[in-house]
Amino acid sequence: MSWFTIRELAIIAIVLDEEEKENSKKKRKRYWVHNMNKARSTEGEFRTIKKHLMDDEEKFYIYFHMPKFLFYNILQSIDECIRKKNTTFRETISPEEKLSVTLRYFITGSTFTNLSSSFRLGESTIRLIVIDVCNAIINKLMPIHIPQPTTAAWQGIEEGFKNKWNFPNCIGAIDGKHVNIIAPPNSGSLFFNYKKTFSIVLLAIVDPEYRFIAVDVGAYGKNSDGGIYSSSTFGKALERNTLNIPCDKPLPGTNHAMPHVFVGDEAFPLKTYLLRPYPRSNTRRLSDPERQYNYCLSRARRVVENAFGILYQKFAIYNKNIKLHPKFVDKVVLTTCILHNMMRTYNIEMNLQEPNRTEHEITVEFGEDRLLSQLPNISGAHMATAFNVREMFKTYFQTSTGRVPWQNCSL
């Protein structure tokens, strides 16, 4: 039984129809492809500048921060992973343009809004492009350019530290770097660090040529370097001795077998395989041998600081707060580390943070945030062995074989 007459139902239908029309007017007009983006083939940055870059190697390097052959080497490796099929509705974006957009995002640090206007692509499209290219580079190129080192590779790294930085038995320098991000929603203080910014942490081990041997990305900014190292996959693998590290061998001019070691600052725990400086405080002065040991360790350890400096100068995205979800920031950071290693491998050099500072002028520096008092007390037989290892390295740097000619002048 109907509660309304035919006339009343007709009036209701007319009112509802008018409301629907009014609401549709208020809705934002949407486009399949915005008129501005339809001009991508004639006005987009990639299409307009490519022809000029292809004829000028220097301009190509300035634009992409890499030579032409390396760009197309990367493209060839990831082409099949990022290539899509054309449809009857639209032409897909070429892998070459996708790689160009991603590299410009890394190099310039521009927002997706700015890149959208420049490349004539939608913001969401650029976001997807960056993520797809990062995934492709990680899957295809990481096993080649940041592989797990073999025993022979560790031995080559040790030779490099011994010959270039006068630190034998060293197989890597370790440190952490905060990568600033926009605070994720509902994340509390997880990403809030001691510098009063929000960040994730890039923990890296670097070889004597400033290349990344291993990286751990994505730890909360509130965590310390030592804590991140202990919980990282690399730190756990070191504890289990599953990283193909060579057997102990004597330091030059000695007969006692010594372990291969990594070098880090005061934020890291002292281990038989991980050396840190002797701590200084207001109540304890360092002896001359301890200061000389700290100097030698600082010379070897600075390669990781320089690697971070090169990474930050090469990719301007690090100079701003990255506006992405942390899980995507992890991909961006890991991708730039892979690209960094490729550039170093091909001898693409960039000025360091302190280009006028010579090797002989390096001094031992301690930040207030790196004091030994921040670390928990460590005891036991294992720690006694670790202290003995550091003492033996200290003694070695006092010998004629271990001492560097300018050592005393630099202290």
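Residues numbered from 1 in each chain as written. Predicted model: local features only at pLDDT ≥ 70, side-chain atom pairs only at ≥ 80, totals over all residues. Heavy atoms only, no water.

## Side note on the overall build of the protein
Applied cut-off: Comment: elements are numbered from the N terminus, with helices defined as DSSP H or I runs of at least four residues and strands as E runs of at least two. The contact criterion used throughout is that any non-hydrogen atoms of two residues lie within 4.5 Å. Here the accessible surface of atoms and residues is derived via Shrake-Rupley with a 1.4 Å probe, and residues count as covered only by protein chains that are part of the display.
In terms of regular secondary structure, the protein is built from 14 helices and 7 strands. Nonlocal contacts in the protein, meaning residues at least 24 apart in sequence, comprise 69% of its contacts between residues at least 6 apart. In the form shown here, the protein has an accessible surface area of approximately 22000 Å², with 52% of it arising from carbon and sulfur atoms.

## Quick look at the environment of Thr 125
For clarity, the cut-off: Only protein chains enter the calculation, and the probe is 1.4 Å; a residue is then buried if its accessible area is under 20% of its type maximum, exposed if over 50%, and partly exposed in between.
With respect to the helices and strands, the residue Thr 125 is situated in helix α8 (residues 123-145). Relative accessible area serves as the criterion here: at 27%, Thr 125 is assigned to the partly exposed category.

## Here's the deal with the pattern of salt bridges
Close approach of charged atoms lets side chains of opposite charge pair. Operational definition: What makes a salt bridge here is a side-chain nitrogen of Lys or Arg within 4 Å of a carboxyl oxygen of Asp or Glu, nothing more.
Under the defined criterion, the tally for this structure stands at 11 salt bridges. The partner of Arg 301 in a salt bridge is Asp 175, and the shortest N-O contact between them spans 3.7 Å. With Arg 301 in helix α12 (residues 288-314) and Asp 175 in strand β1 (residues 170-180), the pair connects residues that are 126 residues apart, well separated along the chain. Using a relative accessible area of 13% as the deciding quantity, one classes Arg 301 as buried. When the shortest N-O distance is used, the salt bridge between Arg 211 and Asp 207 registers 3.0 Å. On the accessibility criterion, Asp 207 (7% relative accessible area) is buried.

## Comments concerning helix α9 (residues 151-165)
What counts here: To estimate how far a helix should extend, the number of its residues minus one is multiplied by 1.5 Å.
Between its first and last C-alpha, α9 extends 21 Å over 15 residues, near the 21 Å set by a 1.5 Å rise per residue. Once α9 ends, the next one or two residues include Asn 166, with phi positive near 55°.

## A word on the nonpolar core
Nonpolar side chains tend to gather and get buried jointly when the protein is soluble and globular. Condition: Throughout this description, the term nonpolar core refers to a set of buried Ala, Val, Leu, Ile, Met, Phe, Trp, Tyr and Cys residues connected via side-chain atoms within 4.5 Å.
With 110 residues, the main nonpolar core has Ile 74, Tyr 105, Phe 167, Leu 275 and Phe 393 as its most contacted residues. Sort the elements by how many residues they give to this core and α12 lands first, with 12 residues. Excluding residues that lie within four positions of it along the chain, Leu 275 makes contacts with Phe 167, Val 261, Phe 262, Val 263, Gly 264, Leu 270, Tyr 293, Leu 297, Val 389, Arg 390 and Phe 393.

## Observations concerning the packing of aromatic side chains
For the record, the criterion: Pairing of aromatic rings covers Phe, Tyr and Trp, the last through its six-membered ring, and needs centres within 6.5 Å; plane angles under 30 degrees mean stacked, over 60 mean edge-to-face, and all others mean tilted. Counted as over-ring charges are cases with an Arg CZ or a Lys NZ within 6 Å of the ring centre that also lie within 35 degrees of the ring normal.
Summed over the entire model, instances satisfying the criterion amount to 17 aromatic pairs. Their ring planes at 65° and their centres at 5.3 Å tell us that Tyr 396 and Phe 397 sit as a pair that is edge-to-face. With respect to class, Tyr 396 is no different from Phe 397; both count as buried. Among the aromatic side chains, those forming a connected cluster through ring pairs are Phe 167, Tyr 278, Tyr 293, Phe 393, Tyr 396 and Phe 397. Over the face of the ring belonging to Tyr 312 we find Lys 177, whose NZ or CZ atom lies 5.1 Å from the ring centre. A cation sits over an aromatic face here: Arg 390 above Tyr 278, 4.2 Å from the ring centre.

## Description of the side chain of Ser 100
Topologically, Ser 100 is positioned in helix α6 (residues 95-108). Of the residues examined, Ser 100 reaches a relative accessible area of 1% and is grouped as buried. Dropping the residues within four chain positions of it, Ser 100 is found in contact with Phe 46, Phe 64, Phe 71 and Phe 119.

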